[in-house]
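# Chains, contacts and geometry: an overview
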Amino acid sequence: MDSALTFEQETLRKTVEDFARQVVAPVAAKHDAEHSFPYEVVAGMAEMGLFGLPFPESYGGMGGDYFALCLALEELARVDSSVAITLEAGVSLGAMPVFRFGTEAQKEEWLPRLTAGRALGAFGLTEPGGGSDAGATRTTGRLEGGSWVIDGSKAFITNSGTDITELVTVTAVTGQTSAGRKEISSILVPVPAAGFTAAPPYDKVGWNASDTHELHFDGVTVPEENLLGERGRGYANFLAILDEGRIAISALAVGLAQGCVDECVRYAAEREAFGRNIGAYQAIQFTIAEMEARTHVARCAYYEAASRMLSGRPFKRQAAIAKLYSSEIAVTNARAATQVFGGYGFMNDFPVARFWRDSKILEIGEGTSEVQKMLIARDLGVA
Ligand SMILES: Cc1cc2nc3c(=O)[nH]c(=O)nc-3n(C[C@H](O)[C@H](O)[C@H](O)COP(=O)(O)OP(=O)(O)OC[C@H]3O[C@@H](n4cnc5c(N)ncnc54)[C@H](O)[C@@H]3O)c2cc1C
């Protein structure tokens, strides 16, 4: 048991660890190879209440907190990052904006289905023309006769085209501020909707069992009440959601990094070279020890960011540090694990090959490493 965790947290962590090993692991390679969405695994996570972890029971949640979500993500990603990102995006990007910024009516309409995992919500910020510069939004929303009419495109949107996707929250330019800048608002779009199309899934390098699409909005019309949060606050609200999301992505990266250690410890005891297990060689021992040390430090970073967030202290810098560091060490561990496995590490039959392909996106999604450095420097008053 990790001494930093309470009894309840350790119980949750262990329950998800068992689920990951017994339910997720046996089908991870198949879904990765077939690029298929793991509906049966998602149903299992829904049954366990994982989609409701950080939400109050009054909205169908489990009454836990964001750290509980992170613990679950870490355990899932130890085995399969596609499953972990499906949960992360469903909770942190799909349901959380409604919980944080929705009216009571919006929460009552959406949260029970989203927190139960019966429906998935997606978060449409990135556009084909740019993700890091999220303020460069081109999608528009204009108010016509009591409805928002939405035109534009969103790129790389997770969970946006599954059979159970029911909501896509989008940022759209809804006017101009008094200072002449774009007024960006967020709008809830129930899907399917007339004028809404999800393009065929992307052919990705990793996260193959996660659902990702380019989305097109061609005169999609939703009621005026579907504005999420204050008009003109859409960009700021989405950035706040991303601050939290970085802690969750950090947890996911730590899980992948730990999965690499798990696989290497096992393999080092089994694989023989020159008449001895490869674990007898100091080069392999040191490689695995360094992997474990990096993982431990990254875990401390996300635990601290989550602790600050939950105690109401500023956490933007700590979340960016956790995301930056853990995503980079996840890539480093995946590369090292592939090396420990030698030629078998390059074969898709072994999880480390999947870990390697799944690791790179961690340095890109929910803010690239460069964006994290910009946030850290800005918080230090440098920029
Ligand atoms: C599998 C996947 C799932 C995703 N899911 C979602 C989702 O659910 N919802 C969503 O809204 N988005 C999603 N994204 C989008 C993701 O958040 C963006 O890809 C990411 O923010 C980077 O944006 P970009 O791809 O447009 O790269 P760009 O912004 O074009 O950046 C290209 C390069 O330039 C660098 N760069 C840009 N600006 C600067 C600067 N000022 N200084 C230094 N370097 C800079 C970047 O760091 C990067 O290296 C997903 C992406 C992927 C691949």
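Every chain begins its residue count from 1, and numbering advances along the sequence as written. Given that the model is predicted, a residue must reach a pLDDT of at least 70 before its local features are reported, and side-chain atom pairs must reach 80 or more before they are shown or counted; all residues, however, enter totals for whole chains, interfaces and linings. Working from all heavy atoms in the structure, the side-chain values ignore hydrogens and water.

### Here we look at the domain arrangement of the protein chain
Basically, it comes down to this: All the domain ranges listed were derived from an automatic or database domain assignment. Any two residues having at least one pair of non-hydrogen atoms within 4.5 Å are treated as being in contact. When two parts are put together, the accessible area they lose, computed with a 1.4 Å probe and summed over both, is reported as buried area. Here, a salt bridge means any side-chain nitrogen of Lys or Arg that lies within 4 Å of a carboxyl oxygen of Asp or Glu.
You can read the domains of the protein chain as domain 1 (7-118), domain 2 (122-231) and domain 3 (236-380). Tallying the contact residues gives 25 residues for domain 1 and 28 residues for domain 3. Taking both partners together, domain 1 and domain 3 bury about 2,200 Å²; carbon and sulfur atoms supply 61% of that area. Of all residues in domain 1, Tyr66, Glu74 and Arg78 bury the most surface against domain 3, accounting for 26% of the area lost on that side. On the surface where domain 1 and domain 3 come into contact, there are 6 salt bridges.

### Some remarks on the packing of aromatic side chains
As a reminder, the rule being used: Stacked, tilted and edge-to-face pairs are distinguished by plane angle, under 30 degrees for stacked and over 60 for edge-to-face with tilted covering the rest, among Phe, Tyr and Trp rings (Trp via its six-membered ring) whose centres lie within 6.5 Å. Only protein chains enter the calculation, and the probe is 1.4 Å; a residue is then buried if its accessible area is under 20% of its type maximum, exposed if over 50%, and partly exposed in between.
Applying the stated rule across the entire model yields 14 aromatic pairs. Consider the rings of Tyr302 and Tyr303, whose centres lie 5.1 Å apart with planes at 80 degrees: the pair is edge-to-face. For the pair shown, Tyr302 and Tyr303 are each scored as buried.

### Some details on helix H5 (residues 104-115)
What sets the pattern is the α-helix's 3.6 residues per turn: residues three or four places apart point alike. The criterion, for reference: Segments assigned H or I by DSSP are reported as helices when at least four residues long, segments assigned E as strands when at least two residues long, and all are numbered from the N terminus. Every helix has an expected span of 1.5 Å times one less than the residues it contains. To obtain the arc, one takes the directions from the helix axis to the C-beta atoms.
Taking 1.5 Å as the rise per residue, H5 with 12 residues should run 16 Å; its terminal C-alpha atoms sit 15 Å apart, in good agreement. For H5, the set of buried residues is Gln106, Lys107, Trp110, Leu111, Leu114 and Thr115. Down the axis, H5 shows its buried residues gathered within 115 degrees of arc, on one side only. Summarising the geometry of H5, the exposed residues directed more than 90 degrees from the buried face are Ala105 and Glu108. Turning to H5, the residues buried within the fold contact helix H4 (81-101), strand E1 (120-124), strand E4 (165-176), strand E5 (182-190) and strand E8 (227-228). Gly117 lies just past H5 and shows a positive phi near 75 degrees.

### Here's the deal with a nonpolar patch on the surface
Heads up, the rule is: Patch membership requires more than 30% relative accessible area and the absence of a salt bridge. Residues of like charge join within 9 Å; the nonpolar side chains Val, Leu, Ile, Met, Phe, Trp and Tyr join within 5 Å. Note on areas: Shrake-Rupley with a 1.4 Å probe; residue coverage comes only from the protein chains shown.
A surface patch of nonpolar side chains, amounting to about 430 Å² of accessible area, comprises Tyr344, Phe346, Met347 and Trp356. Take Phe346: it is sitting in the loop between helix H8 (316-340) and helix H9 (351-359).

### Quick look at the packing of H8 against H9
Applicable threshold: Axis definition: a line fitted to C-alpha atoms, limited for helices to the stretch in contact. Angles are taken between N-to-C directions and run from 0 to 180 degrees. Angle categories are assigned with fixed cut-offs, so that under 35 degrees is roughly parallel, over 145 is roughly antiparallel, 65 to 115 is roughly perpendicular, and the rest are oblique. Note on convention: near helix rotated counterclockwise from far helix by under a right angle means a left-handed crossing. Clockwise means right-handed.
In contact at an axis separation of 9 Å, H8 and H9 are set at 150 degrees when each is read in the N-to-C sense. On the basis of their axis angle, the class for H8 and H9 is roughly antiparallel. The way H8 lies across H9 gives a crossing that is left-handed. Contacts from Ala330, Val331, Ala334, Arg335, Ala337 and Thr338 in H8 reach Val352, Phe355, Trp356 and Ser359 in H9.

### Some details on the site of the ligand
Our working definition: For this description, a residue counts as near a given molecule or strand if any of its non-hydrogen atoms is within 4 Å of it. Polar contacts, as used here, are pairs of N or O atoms within 3.5 Å; protein pairs need one atom able to donate a hydrogen and one able to accept it. Residues neighboring in sequence count only if both atoms are side-chain atoms. Detection works on a 1 Å grid of protein atoms alone, calling trapped sets that fit a 1.4 Å probe cavities and calling open sets with protein on both sides within 12 Å along at least five of seven lines pockets, with lining residues defined by an atom within 4 Å of a point. Throughout, a molecule is located in a cavity or pocket provided that more than half of its atoms lie within 2 Å of its grid points. Under the grouping applied here, Gly and all other residues not named as nonpolar or charged are polar, the nonpolar ones being Ala, Val, Leu, Ile, Met, Phe, Trp, Tyr, Cys and Pro and the charged ones Asp, Glu, Lys and Arg.
The ligand sits among 18 residues. The nearest are Thr126, Gly131, Ser132, Phe156 and Thr368. A distance of 2.7 Å separates an oxygen atom of the ligand from a polar atom in the backbone of Gly131. More than half of the atoms of the ligand fall within 2 Å of the grid points belonging to the largest pocket. For the shell around the ligand, the elements supplying multiple residues, two or more each, are strand E3 (147-158) and helix H10 (369-379). Top element by residues in the shell around the ligand is E3. It accounts for 3 residues. Of the residues that constitute the shell around the ligand, the class distribution is 8 nonpolar, 7 polar and 3 charged.

### Quick notes on the layout of surface pockets
Under the convention used in this document: Grid points are joined across faces, edges and corners, and a volume is the space filled by probe spheres set on the points.
By volume, the largest pocket is sized at about 1,200 Å³. Lining of the largest pocket is provided by 46 residues; of these, Thr126, Ile364, Gly365, Glu366 and Gly367 occupy positions nearest its centre. For the lining of the largest pocket, the secondary structure elements donating two or more residues are H4, E1, E3, helix H6 (234-270) and H10. Top element by residues in the lining of the largest pocket is H6. It accounts for 6 residues. For the lining of the largest pocket, the class distribution of residues is 24 nonpolar, 10 polar and 12 charged. Considered as a void within the structure, the second largest pocket measures approximately 200 Å³ in volume. Forming the walls of the second largest pocket are 13 residues, and the residues nearest its centre are Glu8, Gln9, Leu12, Leu53 and Ala68. The dominant element in the lining of the second largest pocket, judged by the number of residues it contributes, is helix H1 (residues 7-34), at 4 residues.

### So, the pattern of salt bridges
In total, this model carries 24 salt bridges according to the counting rule given. Taking the shortest distance from any N to any O, the salt bridge between Arg142 and Asp151 comes out at 3.1 Å. Within this structure, Glu10, Arg13, Glu17, Arg21, Glu75, Arg78 and Asp262 form a network of salt bridges that share partners.

### A closer look at unusual backbone geometry
Cis geometry is adopted by the peptide bond preceding Pro192, which originates at Val191 and carries an omega value of 5 degrees. Its location among the elements puts Pro192 in the loop between E5 and strand E6 (196-198). Positive phi is not limited to glycine here, since Glu366 has a value of about 50 degrees. Of note, Glu366 is situated in the loop between H9 and H10. For Glu366, a relative accessible area of 14% translates into the label buried.

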